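Listed here are the chains, written in short residue letters.
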Amino acid sequence: MKILAMDTSNVTLSVAVLDSEQLLAMQTTNIKRNHSKQLMPIISQTLAEAGMALNEIDRIVVAKGPGSYTGLRIAVTTAKTLALTLNAELVGVSSLEMLVPNAPQNGLVVPFFDARNGNVFAGIYEKNGEQVVNVLADQHISFEKLLAKINELGRPVYFVSSQFEQFQTMVENTLVVVAEHSGKLNSLPNAHALGILGLQKTELENVYTFVPAYLRVTEAERNWKEKHPNDENKESYVRQIN
Amino acid sequence: MDQTSLILAIESSCDETSVAVIKNGDIILSNIIATQINSHQRFGGVVPEVASRHHIEQITICIEQALKQAEVRKEDLDAVAVTYGPGLVGALLVGVSAAKAFAFANELPLIPVNHMIGHIYAARFVKPIVFPALALLVSGGHTELVYMPTENEFKIIGETRDDAAGEAYDKVGRVMGLKYPAGKAIDELAHQGEDIFKFPRAMEHEDNFDFSFSGLKSAFINTVHHADQINEELSKKDLAASFQQSVVDVITAKTVRACEQLEIKQLILAGGVAANRGLRDTLDKELGEKFNHLDFVKAPLDLCGDNGAMIGAAGEMLMRHQVFADMTLNADPSLEFDWEPEAIK
Ligand SMILES: [Zn+2]
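The model shown is predicted, which means the values in this text are computed figures rather than measured ones.

Quick notes on the rules
- Residues numbered from 1 in each chain as written.
- Chains lettered and ligands numbered in written order.
- Predicted model: local features only at pLDDT ≥ 70, side-chain atom pairs only at ≥ 80, totals over all residues.
- Heavy atoms only, no water.
- Domains from an automatic or database assignment.
- Contact = heavy atoms within 4.5 Å.
- Buried area = accessible area lost by both parts, 1.4 Å probe.
- Salt bridge = Lys/Arg side-chain N within 4 Å of Asp/Glu carboxyl O.
- Pairing = 2+ DSSP bridges.
- Helix = DSSP H or I, 4+ residues; strand = E, 2+ residues; numbered from the N terminus.
- Axes fitted to C-alpha atoms, helices over the stretch in contact; angles between N-to-C directions.
- Parallel < 35°, antiparallel > 145°, perpendicular 65-115°, else oblique.
- Nonpolar A, V, L, I, M, F, W, Y, C, P; charged D, E, K, R; others polar.
- Donors = N, O, S within 2.8 Å, 3.2 Å for Na, K, Ca; no water.
- Buried < 20%, exposed > 50% of the residue type's maximum accessible area, 1.4 Å probe, protein only.
- Polar contact = N/O pair within 3.5 Å; in protein donor to acceptor, adjacent residues only side chain to side chain.
- UniProt positions renumbered as here; feature names shortened; annotations may be inferred.
- Right-handed = clockwise from strand over helix to strand, strands pointing away.
- Left-handed = near helix turned anticlockwise from the far one by under 90°.
- pLDDT = per-residue confidence, 0-100.

(A) Expanded view of the domain arrangement of chain B. Residues and elements named next belong to chain B. Along its sequence, chain B is carved into domain 1 (6-121 + 304-335) and domain 2 (128-298). Taken over C-alpha atoms, the centre of domain 1 sits 27 Å from the centre of domain 2. In this complex, domain 1 contributes 20 residues to the contact, which on the side of domain 2 involves 23 residues. Between domain 1 and domain 2, a total of about 1600 Å² is buried, with carbon and sulfur atoms accounting for 68% of that surface. Three residues, M116, I120 and C304, lead the burial of domain 1 against domain 2; their summed loss comes to 38% of the area buried on that side. Linking domain 1 with domain 2 are 1 salt bridge, by the criterion used here. We note a salt bridge from R320 to E151, for which the minimum N-O separation is 2.9 Å.

Structure, rendered in structure tokens:
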């Protein structure tokens, strides 16, 4: 199976072309540049380096979130549209889960992104070789609460995050279990790992209904729901008039 | 030569996701529009993040349906046109990302379209645009007079100094307790009332082509608040009629002045507020009385709002002028025509 994998959920942009688990070509940048400008040219270059035509791709794998809303929009829209027009399979993988293979050892892995004000986007996963199983669903959570949940599990954990340093003191003061972290070397997402995880998934996304996993409703919607707890006619929010 | 062209056109700059297939620049084979009005009504205006999220829900559905309804295979297409600005950046990015992916996958040229050219080119579905022409663009974000000496040349000779006309309509609508977007309701009320309040007509007689609506808005709000304080009930119909008459008078005066000073063959009325009956009727009457040889073309009512068809019509023109983008195309939320008030002299 030929795979095109892409991630623009945070500052890193990573695109890979795989033949099953075998990586053929990958490009990763980690500069605060414009993903909208960079993504398609890098997809094009990576395919060229892999010696593969776009229409040979069987499956498109995209990091679906959580992450920067703008970044998620770009990769998810690109992936959806490519899958639609190429008639390729579409698979979404959690942007947190794709960091789990970065951990050098088996066991509990906790990938997270800073979400400001003491909050993070995080999940807890069990890594066993190439197998990754979710233990705590991805969520928007205060770092304090996350640490409490890790303490409850009572097992050593491995954090994967390029923002670990910001939270290091809290980890040292609060955590009762043994904790290690990815440091700079293993903290960044890479589309090869994304592609392998996407290859393992058996559940395909629907190219029409697929949306990013934002994990947060917008503030406007949150306020509105508080005032209108019973109104849930989401179907009619968007309607076709032509 | 009867070369045909087929363009897939994508629009997502604000709160409508729309995809059209346009033949030869002026024949609509399909024009799918998914509107988010019901969603944003909850908030009394467009919430950008919510809009962007709805666009992602809709974009592939609209592309697929546009092709299906047009009975066109992607192999038959000649180009992909897309709105890349102005508009909400997150909303624009969905259309731009989809257009690039579609164009790349199908080896089609990509045409970057300025949304405002799109609005002007909605007039193409009525009749061909003849140059030199002048466009009066009135929408929620813009109120401007655009001079077009030849095809694909756009010069702003006058624009609003503060609020756009559509913005003023929405604010006044809120004060009157009308649902967002209030333009249509105010237009309907206005036809049942009379201009008894005589709100100010800002800059009506100044020797330029600029507009201003913030003074009108303040005068309107003050009138309503004052009445509230003394417990006086004002007629909504008369309020609407007075507000609308002031907007229409100023726009008409400036447009007539521009038509007098420019050697133009055509005047085009376009943009969301171009659907306003009061504005259409007044311009018809005033221009008809003053100009014999001026062709007044109004964008079709159902194509005044945002839609893919107008982007396809503009895209075809841009394609003939070899305006193409590569895969680095980005959204440009503040894209504008050049400001050249001197173009007229
Ligand atoms: Zn518009």
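(B) Summary view of the sheet that holds strand β4 (residues 59-63) of chain A. All names here are of chain A. Across the sheet, 5 strands lie side by side as β3-β2-β1-β4-β5; this open sheet has mixed pairing. Only two strands of the sheet have a single partner each, and these edge strands are β3 (22-29) and β5 (89-93). Sheet twist, expressed as the mean angle between neighbouring strand axes with direction ignored, is 15°. Sheet analysis places strand β1 (residues 2-7) next to β4, joined by 4 bridges and oriented parallel. Across the sheet, the residue bridging to M6 is V62, located in β4. Together, β1, β2 (13-19) and β3 form the strand contacts of helix α1 (residues 35-50), whose direction differs from that of β2 by roughly 25°. Running at roughly 170° to β4, helix α2 (residues 69-86) makes contact with β1, β4 and β5 of the sheet.

(C) The arrangement of the packing of α2(A) against helix α2 (residues 48-70) of chain B in detail. Running from N to C, α2(A) and α2(B) cross one another at 5°; their axes reach a closest spacing of 10 Å. The angle between α2(A) and α2(B) places the two elements in the roughly parallel class. Residues Y69(A), R73(A), V76(A), T77(A), K80(A), T81(A) and L84(A) of α2(A) pack against E49(B), S52(B), R53(B), I56(B), E57(B), I59(B), T60(B), I63(B) and E64(B) of α2(B). Considered class by class, the residues forming the contact of α2(A) with α2(B) number 6 nonpolar, 4 polar and 6 charged.

(D) Region of the structure containing the sheet that holds strand β4 (residues 79-85) of chain B. Strand order in this open sheet of 6 strands is β11(A)-β3(B)-β2(B)-β1(B)-β4(B)-β5(B), and the pairing throughout is mixed. The sheet is open, and its two borders are formed by β11 (239-240) of chain A together with β5 (110-114) of chain B, each paired with just one other strand. As paired strands, β4(B) and β5(B) are joined by 5 bridges and run parallel to one another. Note that in β5(B) the partner of A81(B) across the bridge is I111(B). Here α2(B) sits on the sheet in contact with β11 of chain A together with β1 (6-11), β2 (16-23) and β3 (27-35) of chain B, set at roughly 20° to β2(B). Contacting β1, β2, β3, β4 and β5 of chain B, helix α10 (residues 308-320) of chain B runs over the sheet at an angle of about 125° to β1(B).

(E) Inspection of the coordination of the zinc ion at higher detail. Residue and element names in this part refer to chain B. Bound to the zinc ion are the protein donor atoms H115 (NE2), H119 (NE2) and D306 (OD), situated 2.1 Å from the metal. Each donor residue of the zinc ion lies on one chain, and together they are spaced H-x3-H-x186-D. Of this pair, H119 sits in helix α4 (residues 115-121) while D306 sits in the loop between β10 (295-298) and α10, and the two are 187 residues apart along the sequence. For D306, a relative accessible area of 13% gives the class buried.

(F) The side chain of N208(B), seen in detail. All names here are of chain B. Residue placement: N208 occurs in the loop between α6 (183-190) and α7 (214-229). What makes N208 buried here is its relative accessible area of 18%. Of note is the side chain of N208, whose polar atom sits 2.8 Å from the side chain of K254. Ignoring any residue separated from it by four or fewer positions in sequence, one finds N208 in contact with R161, M203, K254 and R257.

(G) Local environment of the UniProt feature "domain: Gcp-like" (unreviewed entry) in chain B. Within this numbering scheme, the UniProt entry marks residues 28-312 of chain B as carrying the feature "domain: Gcp-like" (unreviewed entry). The annotated region residues 28-312 of chain B carries 46% helix and 16% strand content, and the separation between its end C-alpha atoms amounts to 9 Å.

(H) Region of interest: the pairing of β4(B). Most of β4(B) is tucked away: 7 of the 7 residues are buried. Following the backbone out of β4(B), through helix α3 (residues 89-105) of chain B and into the adjacent parallel β5(B), one traces a crossover that is right-handed.

(I) Molecular detail of the interface of chain A and chain B. Every contact between the two is made by 42 residues of chain A and, on the other side, 43 residues of chain B. Across the chain A to chain B interface the summed buried area is about 3800 Å²; carbon plus sulfur atoms make up 63%. In terms of surface lost to chain B, no three residues of chain A exceed R73(A), Y237(A) and V238(A), which account for 16% of the buried area on that side. Here chain A is connected to chain B by 2 salt bridges. R73(A) serves as the salt-bridge partner of E49(B), at 2.8 Å between the closest nitrogen and oxygen. For the pair chain A and chain B, the number of links is 14 residue pairs in polar contact (both at pLDDT 80 or more). Examining the composition of the side of chain A that touches chain B, we find that 13 residues originate from one element, α2(A), more than from any other. Here the side of chain A that touches chain B is composed, by residue class, of 23 nonpolar, 12 polar and 7 charged. Note: β11(A) against β3(B), 2 bridges, orientation antiparallel. Opposite R239(A), over in β3(B), you have T35(B) as the bridge partner.

(J) Local environment of the environment of Q65(B). In this structure, Q65(B) sits in helix α2. Taking the C-alpha atoms as reference, Q65(B) lies 28 Å from K298(B); in sequence the two are 233 residues apart. Apart from residues no more than four positions distant in its own chain, Q65(B) is found in contact with Q240(A) and I32(B).

(K) Quick look at the packing of α2(A) against α3(B). Orientation of α2(A) relative to α3(B), taken along the N-to-C sense of each, is 35°, at an axis distance of 8 Å. At the point where α2(A) passes α3(B), the crossing takes the right-handed sense. Residue-level inspection shows T70(A), R73(A), I74(A), T77(A), T78(A), T81(A), L82(A), T85(A) and L86(A) of α2(A) in contact with α3(B), the latter providing G90(B), L93(B), V94(B), S97(B), A98(B), A101(B), F102(B) and A105(B).

(L) Summary view of the confidence of the model for chain B. Of the residues in chain B, 99% reach a pLDDT of 70 or more, and the chain-wide mean stands at 95. Predicted complex, confidence summary: ipTM 0.96, pTM 0.96.

(M) The arrangement of unusual backbone geometry in detail. All names here are of chain B. With an omega dihedral of -10°, the bond running from G85 to P86 counts as a cis peptide bond. F131 connects to P132 through a cis peptide bond whose omega is -5°. Within the secondary structure, P132 sits in the loop between α4 and β6 (133-138). In the Ramachandran plot, E107 falls in the positive-phi region, its phi being about 50° despite a non-glycine side chain. Exposure remark for E107: the relative accessible area of 75% places this residue in the exposed category. For Q322, which is not glycine, the phi torsion reads 60° and is therefore positive. Take Q322: it is sitting in the loop between α10 and β11 (338-339). Look at Q322 and you get exposed, because its relative accessible area is 60%.

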